[in-house]
Amino acid sequence: IAILLIMTIGTVAYAGASEQQIVMDIQGMTCELCAVAVKKSLLEVKGVKSAEVSQDRKKAWVTTDSIVTDAMLREAVQKAGPYSATITERKPVTR
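Presented here is a report on the structure given in the accompanying data block. (Residues numbered from 1 in each chain as written. Predicted model: local features only at pLDDT ≥ 70, side-chain atom pairs only at ≥ 80, totals over all residues. Heavy atoms only, no water.)

Reading across from one edge, β2-β3-β1-β4 is the order of the 4 strands in this open sheet, with antiparallel pairing throughout. Edge strands, defined here as strands with exactly one partner in the open sheet, are β2 (48–54) and β4 (84–92). Strand-to-strand, the axes of this sheet are offset by a mean angle of 20°, without reference to chain direction. Relative to strand β3 (residues 59–65), strand β1 (residues 19–27) is paired through 7 bridges, and the arrangement is antiparallel. Across the sheet, Gln21 pairs through a bridge with Thr63, a residue of β3. (Pairing = 2+ DSSP bridges. Helix = DSSP H or I, 4+ residues; strand = E, 2+ residues; numbered from the N terminus. Axes fitted to C-alpha atoms, helices over the stretch in contact; angles between N-to-C directions.)

Let us now look at the pairing of β3. Bridge count for β2 against β3 is 6 bridges, and the pairing is antiparallel. In the sheet register, Val48 faces β3, and the bridge partner there is Thr64.

For the rest of this paragraph, the subject is unusual backbone geometry. At Lys58, a residue that is not glycine, the phi angle is positive and equals roughly 60°. Mapped onto the elements, Lys58 comes out in the loop between β2 and β3.

Below, the discussion takes up the pattern of salt bridges. Under the definition given, this model contains 7 salt bridges. Residue Lys39 is joined to Glu52 by a salt bridge in which the shortest nitrogen-to-oxygen separation is 3.6 Å. With Lys39 in helix α2 (residues 32–43) and Glu52 in strand β2, this residue pair connects regions lying 13 residues apart in the sequence. With a relative accessible area of 27%, Lys39 lands in the partly exposed category. In this structure Glu52 comes out as partly exposed when scored by relative accessible area, which is 47%. One salt-bridge network, in which partners are shared between bridges, spans Glu19, Lys49 and Asp65. (Salt bridge = Lys/Arg side-chain N within 4 Å of Asp/Glu carboxyl O. Buried < 20%, exposed > 50% of the residue type's maximum accessible area, 1.4 Å probe, protein only.)

Turning to helix α3 (residues 70–80), its buried residues are Leu73, Ala76 and Val77. Projected down its long axis, α3 carries its buried residues within an arc of 100°, all on one side. Among the exposed residues of α3, those oriented more than 90 degrees off its buried face are Glu75 and Lys79. Buried residues along α3 sit in contact with β1, α2, β2, β3 and β4. Count one or two residues on from α3 and you reach Gly81, which has phi positive near 160°. (Arc of directions from axis to C-beta. Contact = heavy atoms within 4.5 Å.)

Below, the structure written as C-alpha cells:
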C-alpha cells in the first residue's frame, strides 16, 4: 500500500501542469536503428507529444501531457527492444 501511495502522490505532483519535459538515460542502444525504434515506441504512448532520441548520448527527451507516468515511458522503451530507461529529469514545460 505504501508503494501505491508514493506512486499516486508522485503523479498528483505533476497533475497541475499541462505538459512535462522528461529526460531519460537509455541503456542498450548500439546503433542508430536502436534510437529509431525507441523513438517510435515512445511516440506510440498516449499523451506523448514529441520524442527525440540520441544513440550517441544514450538519452531521450520526451514532451508529454501530465497523464503520462514514468512507468509508461520505461515500458515503451523496453517494448522497443533489449533496452532499459532511467528517468533523470522531469519538469513542467514553461512557455
